[in-house]
Amino acid sequence: MEEFQVTKCPSNDLSLKNRVIISPADYARGYHYVRFHNRGQLYHFTCHADAQIQDKYLGFSMVQRKWAYVGINQPLQVEKFTPTRNDVITELKLEVDFYRSKEASSDPVDSDVLANLFMDLYCHRWFARDESLIVLSQGKHLNIGVKWITTEGQPGAIGGVLQPTTKVIFQSAENSPICLTGKAKTRAARTNIVNPDFDFNLLGIGGLDEEFKEIFRRAFASRVLPADIVEKMGAKHVKGILLHGPPGCGKTLMARQIGKMLSVREPQIVNGPEILNKYVGESEANIRKLFEAAEEEQKKSGVNSGLHIIIFDEIDAICKQRGSVAGASGVHDTVVNQLLSKIDGVDQLNNILVIGMTNRPDLIDDALMRPGRLEVKKEIGLPDEHGRLEILKIHSAKMYASGTINDDVNLEEIAALTKNFSGAELAGLIRAAQSCAFVRHTRGGSSIKVDVDGIDELQVSKNDFMVALENDIKPAYGAKEEDVEKYMRNGILMWGVPVQRVLDQGSLLVNQVRSSAKTPLISMLLSGPTGSGKTALATRIAVDSGFPFVKICSPGDLVGMNEAAKCQHIKKVFTDAYKSQLSCIVVDDIEKLMDFNPIGPRFSNTVAHAMMVLFKNLPPVNRKLLVIATSSNLSVLQDMKMDESFDQLIHVGNLSKPEHVSEALEALEAFTAGQRAEIESRVSGYTIWVGIKQLIRMVGTAEQEEPAQQVSTLVSLMAENGSLKSKSS
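A short tour of the structure in this document, coming up. Here the structure is a predicted model, which means the values were calculated and not measured.

Conventions adopted
- Residues numbered from 1 in each chain as written.
- Predicted model: local features only at pLDDT ≥ 70, side-chain atom pairs only at ≥ 80, totals over all residues.
- Heavy atoms only, no water.
- Helix = DSSP H or I, 4+ residues; strand = E, 2+ residues; numbered from the N terminus.
- Buried < 20%, exposed > 50% of the residue type's maximum accessible area, 1.4 Å probe, protein only.
- Contact = heavy atoms within 4.5 Å.
- Areas by Shrake-Rupley, 256 points an atom, 1.4 Å probe, with all protein chains shown as cover.
- Salt bridge = Lys/Arg side-chain N within 4 Å of Asp/Glu carboxyl O.
- Core = buried A, V, L, I, M, F, W, Y, C linked by side-chain atoms within 4.5 Å.
- Pairing = 2+ DSSP bridges.
- Axes fitted to C-alpha atoms, helices over the stretch in contact; angles between N-to-C directions.
- Expected span 1.5 Å × (residues − 1).
- Polar contact = N/O pair within 3.5 Å; in protein donor to acceptor, adjacent residues only side chain to side chain.
- Parallel < 35°, antiparallel > 145°, perpendicular 65-115°, else oblique.
- Left-handed = near helix turned anticlockwise from the far one by under 90°.
- Nonpolar A, V, L, I, M, F, W, Y, C, P; charged D, E, K, R; others polar.

### Observations regarding the overall build of the chain
- Helix and strand counts for the chain come out as 28 helices and 29 strands.
- Counting only residues that meet the buried cut, the chain has 49% of its 729 residues in that class.
- Long-range pairs, those at least 24 residues apart, make up 78% of the contacts in the chain with a sequence separation of at least 6.
- If you sum the accessible surface of the chain, you get close to 35600 Å²; carbon and sulfur atoms cover 50% of it.

Put into structure tokens, the structure is as follows:
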């Protein structure tokens, strides 16, 4: 070990050799590799001989002096050494940045050229972890830092010697604008955009696996790949995603959890209405503020800029069709213009991902939906049975872990019972079942008291779920039980073969919609006299179909509406139906829906055409729809050509035979067997034509009489009503 003194490197050219410069005499004495201790750390250097350096002096460049913490004229106890076989570097990872900011450029730096130059200049040189080198390559001075060294059998070594067999890998320095291309560029730095600990099931979202895979394929796959591959293909990153679908299906939750999937900064989450401000220009300024960080980082780091995610909840509040909002201020239009220019304007940003969420995609300006902006449009629909089971498992996981759910609870059975439930409604069902369990340990009265006896054994049972399904939680897009009860108050009275024929034909069409891939839309028209039971039969067919979505559109729902409002209401019924996999719509009394009046005749042409269009409009892909309409005036529909909008016409007739009346009375459980036989005998001499609805009303009236008078009263009412006519007449 000898004492040397520190001096400056004689020239810039020698500095670029990135070695310690010594005298030729010292080099001849075997000082090819030297090491010394300074500030409690051991430093290793490779030497280069030059006559400009005196004996017993070490010439350090400024970068080397800074790294080794040495000063000019500082004495050092230097030891020469010889690297061993274990010091051979097998893999060397280097971090690259521009040394001079004025040389920074967006032009790519070929890592393959840099690797060849590196091997020519520094083969057999000792490299130490965390040291820095200045290299002139492709006309630019580059600052190269040693980040990782792997020697023979020792990953993470503190140093080693570069050999021709060493694998050299370059990567861009963090926040550096440098763009590396070529095979020698590391690709590990690009794949870390996805959090390695990411587990989609643990994010609290169920039933959206396919939707998430599609979003990942379109929006994130290109960002995971190396930049040189993307650039070679001329590919552009997706800048925007629009998630739309019914409320409560997980749009906001999915967008928020995307940030957890990515190992990037937290996304900015903005509610649409928060952007708007009453002061002129403030709304547009709020939009610009959202993109400021992304703009600054792209200017600084270029293609190596991190990903900035901006999430707009209820984006339809600020991005309505331009010109559709009344008022002279035009605030909505300028906000839309500002957002369009930021996402894909003249100065393009390539480091942003805008995620918009809405229940009303039809309200959003068309320019925002084109490719280059919110080009990935994904519907987050109602979960299927498998998805509902996943959601139930997620929300009941803590109960299973703590043993507070009874063994009689079968989540598969509950998933089958909760057709058309959204994710939010399933979560509400869990809470409702829990509240049913809680109430078993509370006592009401003048004050609420908690029954602590046995509270440690509190469990949610199957009965709690059944009570919650029955009384608390109803799907927004399911069958309306109150409508079913209203239109089927007396059930279906099987008074003869004609009733069974209608039900059989309806069942056949239901099976066709459910099983046939060729006919996703089937529409049928039940026509017949007033009071013949068309509405009840249509409702029965709809309910028996077992479709998750059953909706009845009746004239009573449209009372007081103008033509435009009626069209919107009818359209909304069909739009809601499209959100379910299998749907059935009952359109009751078409003539009244379109304001038909025989005096004139008069009707609403706007509503009529709206219905004709919707009856023939195919549902979206993978959706199926059955439309059942009723009419008491088929000739009017034929004159309007509306009957051509239906795939099948089914006639519903009145009771026309004595046995029909008898069977109907038996189904109603009205009168005794003897009275029914007497009624059949007394009406057999007449021509009978009575609607089941009228017969039920007349039976109700007759039952108010004394038993001895009931038969005569019913026959008289039928005669007075015109239901009985003499055969001769």
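### Thoughts on the pattern of salt bridges
- Under the counting rule described, the total for this entry stands at 22 salt bridges.
- E131 is the partner of R125 in a salt bridge, and the nearest nitrogen-oxygen pair spans 3.1 Å.
- Classification of R125 by relative accessible area gives buried; the value is 2%.
- Three or more residues joined by partner-sharing salt bridges are found here, namely E2, D26, R29 and K56.

### Thoughts on the nonpolar core
- By size, the foremost hydrophobic cluster in this structure holds 49 residues, and its most contacted members are L526, L626, I628, L695 and L714.
- Tallying contributions element by element places helix α19 (residues 497–515) first for this core, with six residues.
- In this structure, L525, A577, F615 and L637 belong to the second largest nonpolar core, which totals 31 residues.

### Considerations on the sheet that holds strand β16 (residues 240–244)
- Judged by pairing direction, the sheet is parallel, and its five strands sit side by side in the order β17-β18-β19-β16-β20 without closing on themselves. Since the sheet does not close on itself, it has two edges, and those belong to β17 (268–271) and β20 (376–379), each with one partner. Put simply, the sheet's adjacent strands are angled 15° from each other on average, direction ignored.
- In terms of strand pairing, β16 meets strand β19 (residues 352–358) through five bridges, oriented parallel. In the strand pairing of β19, I241 is matched with I355.
- Contacting β16, β19 and β20, helix α6 (residues 209–219) runs over the sheet at an angle of about 175° to β20.

### Focus on the pairing of strand β26 (residues 624–631)
- Of all the eight residues making up β26, eight are buried; the element is thus mostly covered by neighbouring parts of the structure.
- Burial along β26 is two-sided: the face carrying K624, L626, I628 and T630 and the face carrying L625, V627, A629 and S631 are both buried.
- Relative to β26, strand β25 (residues 582–587) is paired through six bridges, and the arrangement is parallel. When the bridges of β26 are listed, S583 appears paired with L625.

### Structural notes on helix α21 (residues 563–578)
- With 16 residues, α21 extends 23 Å between its outermost C-alpha atoms, agreeing within 8% with the 22 Å of an ideal straight helix rising 1.5 Å per residue.
- The complete set of buried residues in α21 reads K566, C567, I570, V573, F574, D576, A577 and Y578.
- Where α21 is buried, its residues meet β24 (549–553), β25, α22 (590–593), α23 (605–616) and β26.
- For α21, the side-chain oxygen to backbone nitrogen distance between the N-cap and A564 is 3.3 Å, and the N-cap itself is N562.

### A few points about the packing of helix α25 (residues 658–668) against helix α26 (residues 673–683)
- Where α25 meets α26, the closest approach of the two axes is 9 Å, and the angle between their N-to-C directions is 155°. Considering the angle they form, α25 stands roughly antiparallel to α26. Remark: the crossing between α25 and α26 carries right-handed chirality. Contacts between α25 and α26 involve P658, E659, V661, S662, L665 and E666 from the first element and R676, I679, E680 and V683 from the second.
- Taken together, the residues of the contact of α25 with α26 break down into five nonpolar, one polar and four charged.

### Thoughts on the environment of E79
- Of note, E79 is situated in strand β6 (residues 75–80).
- Separated by 46 residues in sequence, E79 and Y33 have C-alpha atoms that sit 8.5 Å apart.
- For E79, the contacting residues outside a window of four places in its chain are M1, Y33, V34 and R35.

### Quick word on the sheet that holds β25
- On the basis of which strands lie adjacent, the open sheet formed by five strands has the order β24-β25-β26-β23-β27 and parallel pairing. Edge positions in the open sheet fall to β24 and β27 (648–651), since each of these has one partner strand only. Strand-to-strand twist across the sheet, computed as the mean angle between neighbouring axes with direction ignored, equals 15°.
- Sheet topology note: the strand β23 (residues 521–527)/β26 ladder contains seven bridges and is parallel. For S527, the partnering residue across the bridge sits in β26 and is S631.
- Across the sheet, α19 touches β23, β25, β26 and β27, and the angle it forms with β27 is around 160°.
- Strand contacts of helix α20 (residues 534–544): β23, β24, β25 and β26, with the helix running at about 170° to β26, the strand carrying the most contacts.

These results come straight from atomic positions and should not be treated as a statement about function.
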